[in-house]
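# Coordinate analysis (summary)
Next come the chains, spelled out residue by residue.
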Amino acid sequence: MTNIYKLHPWHGVEIGDEAPELVTAFIEIIPSDTVKYEIDKHSGYLKVDRPQKFSNIVPALYGFIPRTYCKEEIANINMKYSGRTGIQGDGDPLDILVLTEREITHGDIIVKAFPIGGFRLVDNNEADDKIIAVLKNDDIYGQWKDINDVPVTIINRLKHYFLTYKQMPHKAPTCIIDEVYGKEAAFEVIKASMTDYNNHYKK
């Protein structure tokens, strides 16, 4: 019998049997969105978080990996590699950017993607990693197997978005990217977020 209720995108959708090499991603916003949408954790529906600040437009499909969570294990990995102390996980599912040469016209969809790297980002002393992935079966971007395959101009565009998307005039920036890491490090982060999810939500 098929499901008669909508699955919660965070808890009801499977991450995929091949994770972390191939993961399911739930897309919340796309590059043409001038409003930042995010999942309502209680209902599973998209909600308006805020209008995008100034000229900040997300440069790739942006969402999260279902059945992941950023808490103790994610914080420990961040401190291990960054040398920081007092870091906590941000309490959200693990964020993901999905690169594709095809135009996808709306969010609130699930896609399959191959993680190839990520950003070790800290926002107000909270670990807030951003996994970078390529859409499965993408004829152009699918040729990129690791972060070093991605042109530096694209990496800089992604970095600029996250370093400025919360920035307000006359206020110090809150987001810092300590490292751009490759595929194997991305796998480690995804596994840690899966462990955090199991530790907090498996019951």
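Refer to the structure presented above.
Residues numbered from 1 in each chain as written. Predicted model: local features only at pLDDT ≥ 70, side-chain atom pairs only at ≥ 80, totals over all residues. Heavy atoms only, no water.

The next subject is the pattern of salt bridges. This model, assessed by the stated rule, comprises 11 salt bridges. Here lysine 36 and aspartate 49 are joined by a salt bridge, their closest N and O atoms 3.5 Å apart. Of this pair, lysine 36 sits in strand β2 (residues 35–39) while aspartate 49 is found in strand β3 (residues 46–51), placing the two residues 13 residues apart along the sequence. On the accessibility criterion, lysine 36 (9% relative accessible area) is buried. With relative accessibility at 30%, the residue aspartate 49 sits in the partly exposed group. Put simply, glutamate 179 and arginine 120 hold a salt bridge, and the shortest N to O gap is 2.9 Å. Highlighted residues: glutamate 179 in strand β10 (residues 175–182) and arginine 120 in strand β7 (residues 109–123), separated in sequence by 59 residues. (Salt bridge = Lys/Arg side-chain N within 4 Å of Asp/Glu carboxyl O. Helix = DSSP H or I, 4+ residues; strand = E, 2+ residues; numbered from the N terminus. Buried < 20%, exposed > 50% of the residue type's maximum accessible area, 1.4 Å probe, protein only.)

Its 19 residues place the ends of helix α3 (residues 183–201) 26 Å apart at the C-alpha level, agreeing with the 27 Å of an ideal helix rising 1.5 Å per residue. Of the positions making up α3, those classed as buried are Ala186, Phe187, Val189, Ile190, Ala192, Ser193, Asp196 and Tyr197. Elements in contact with the buried residues of α3: β1 (23–29), α1 (72–82), β7, β9 (130–135) and β10. (Expected span 1.5 Å × (residues − 1). Contact = heavy atoms within 4.5 Å.)

What follows deals with the nonpolar core. Ile96, Val98 and Ile131 are the most contacted members of the largest nonpolar core, which totals 28 residues. Those elements giving two or more residues to this core turn out to be β1, α1, β6 (95–99), β7, β9 and α3. By residue number, the principal contributor to this core is α3, which donates four residues. Every residue in contact with isoleucine 131, bar those within four places of it in the chain, is listed here: Leu94, Asp95, Ile96, Leu97, Pro115, Gly117, Gly118, Tyr181, Ala186, Val189 and Ile190. One finds Tyr62, Val134, Val150 and Leu158 within the second-largest nonpolar core, a separate group that totals 23 residues. (Core = buried A, V, L, I, M, F, W, Y, C linked by side-chain atoms within 4.5 Å.)

Turning next to helix α2 (residues 152–164). Between its terminal C-alpha atoms α2 stretches 18 Å, which fits the 18 Å expected from 13 residues at 1.5 Å a residue. Taken as a whole, α2 has its buried residues at Ile154, Ile155, Leu158, Tyr161, Phe162 and Thr164. If you follow the buried residues of α2, they end up packed against β1, β4 (61–64), β6, β7, β9 and β10.

Closest axis-to-axis distance for the α1/α3 pair is 7 Å, and the angle between their directions is 145 degrees. Contact with α1, carried on its side by Glu72, Glu73, Ile74, Ile77, Lys80 and Tyr81, involves Glu188, Val189, Ala192, Ser193, Thr195, Asp196 and His200 of α3 and no other residues of that element. Residue classes in the contact of α1 with α3 are distributed as five nonpolar, three polar and five charged. (Axes fitted to C-alpha atoms, helices over the stretch in contact; angles between N-to-C directions. Nonpolar A, V, L, I, M, F, W, Y, C, P; charged D, E, K, R; others polar.)

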